[in-house]
Amino acid sequence: MADDQTKQIYDKLQSVSDRYDELNELISDPEVIADTERFMKLSKEEGSLRETVETYNRYQQVTNELASDQELLQEKLDDEMSTMVKSELAELETAKTDLENQLKLLLIPTDPNDEKNIIMEIHGAAGGDEASLFAADLYNMYVKYAEKQHWQVEIIDEADTEVGGFKEIVLMITGSKVYSKLKYENGAHRVQRVPETESAGRVHTSTATVGVMPEEEDVDIQLDPADIRTDVYRSSGAGGQHINKTSSAVRMTHLPTGIVVAMQDERSQQQNRAKAMKVLKARVYDYYKQKEEDQYNAQRKSAVGTGDRSERIRTYNFPQNRVTDHRIGLTLNKLDKILDGDLDEIIDALIVSDQADKLEHLNDNPEA
């Protein structure tokens, strides 16, 4: 790391290393250990820096070994020793380059939401019954993908259609780093296929939208109770006498944004309130986050898009068994496997594209 740009990256790495040492001292302090909340927060930060610091230490070790071998070559060596040192130098140069690339990736700012669970909303959009059936296909695809990732899926709310699809379905997906992978699913998904009701065999195009929002806890977003109007009413769904006798359904309205959440799935009003509040927090957070990003996205649009749900991100073509992600120009002829939950190839490609975009930004602005 010799030029000015890489020197700035080197300085940033040194500051990360210094902070890591400071954190290790703090979490060994009896007063900090006694403060559970602070201890957990500092331990989490220490854990997030560990890989970067270990890689940086290895880089420094390799750099020192390189300098030592280069000095050794200036001395009078026999042929065998000279050959051995040159061979070691070549290996160290390769290791140094690899470590530099790793460090640049590790310095890419992480999304603070990556570790979080998500609330996913799937809506049948343009295309009537066919759109609702496609929404059901997407729901099944994400459930199967979640199973492969050992995540848990809970249906929070759903509005089905007579043909067996969904006008809307809202899910809570919990597990390890759910948002980090599924955040790229945010947007409009297009399907091209012959509907079962199409007697002439013509291919129709329909769309469904997917919204992915990180689950927000109180520490992430505080909603003023005065800004929330809560109405209770009797559930209209199945449930027999219990439903008819009690006002268990809940509708929450966030007055500053006009966002409304209705929940009637649970048998008790308290349970519906808790679920409604989770969804409301996620939607309000998403609303303000999108407003903040509008100006940034207008200036510099990411390779994987703005995250706007109206943006068409992917096409599923049934006649050709083809899936195309329009953000990165990726086409795969295995739609059947993808709908069966094999999303890794698409998601991995989106992550690599996103990292490359951020790395380019880091190289252009090493002080960022």
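Before reading further, recall that the structure is shown in the block above.
A quick note: this is a predicted structure, and the numbers were derived from the prediction, not measured.

## Re the pairing of strand β4 (residues 187-193)
Every regular strand shows the same layout, with side chains that alternate between the two sheet faces. Most of β4 is tucked away, with seven of its seven residues classed as buried. With seven bridges joining them, β4 and strand β5 (residues 204-214) adopt antiparallel strand pairing. The residue bridging H189 from the neighbouring strand is A208, located in β5.

## Observations regarding the packing of aromatic side chains
By the definition in use, this model includes three aromatic pairs. Ring centres of Y139 and F166 lie 5.5 Å apart, and the angle between their planes is 75°; on these two criteria the pair is classed as edge-to-face. Here Y139 is found in helix α5 (residues 129-148), whereas its partner F166 is found in strand β3 (residues 166-174), with 27 residues between them in sequence. With a relative accessible area of 16%, Y139 lands in the buried category. Aromatic pair Y145 and W151: ring centres 5.6 Å apart, planes at 85°, arrangement edge-to-face. Assigned by exposure class, Y145 and W151 land together as buried. Lying over the aromatic face of F318, R193 brings its terminal NZ or CZ to 4.7 Å of the ring centre.

## So, the pattern of salt bridges
Taken as a whole and assessed by the stated rule, the structure comprises 17 salt bridges. Between E154 and K275 there is a salt bridge, with its nearest N and O atoms 3.2 Å apart. Of the two residues, E154 is situated in strand β2 (residues 152-160) and K275 in helix α8 (residues 269-299); the sequence distance between them amounts to 121 residues. Residue classification places E154 among the partly exposed residues on the basis of a relative accessible area of 38%. Assessed through its relative accessible area of 12%, K275 is described here as buried. E215 is paired through a salt bridge with K278; the nearest N and O atoms lie 3.4 Å apart.

## Some thoughts on the sheet that holds strand β8 (residues 259-263)
Pairing in this open sheet of three strands is antiparallel, and the strands run β6-β7-β8 from one edge to the other. Each end of this open sheet is capped by a strand with a single partner; those strands are β6 (228-233) and β8. Strand-to-strand, the axes of this sheet are offset by a mean angle of 15°, without reference to chain direction. The sheet contact formed by β6 and strand β7 (residues 249-254) spans six bridges and is antiparallel. Note that in β7 the partner of Y233 across the bridge is A249.

About the criteria used
Residues numbered from 1 in each chain as written. Predicted model: local features only at pLDDT ≥ 70, side-chain atom pairs only at ≥ 80, totals over all residues. Heavy atoms only, no water. Buried < 20%, exposed > 50% of the residue type's maximum accessible area, 1.4 Å probe, protein only. Helix = DSSP H or I, 4+ residues; strand = E, 2+ residues; numbered from the N terminus. Pairing = 2+ DSSP bridges. Phe/Tyr/Trp six-rings, centres within 6.5 Å; stacked < 30°, edge-to-face > 60°. Lys NZ or Arg CZ within 6 Å of the ring centre and 35° of its normal. Salt bridge = Lys/Arg side-chain N within 4 Å of Asp/Glu carboxyl O. Axes fitted to C-alpha atoms, helices over the stretch in contact; angles between N-to-C directions.

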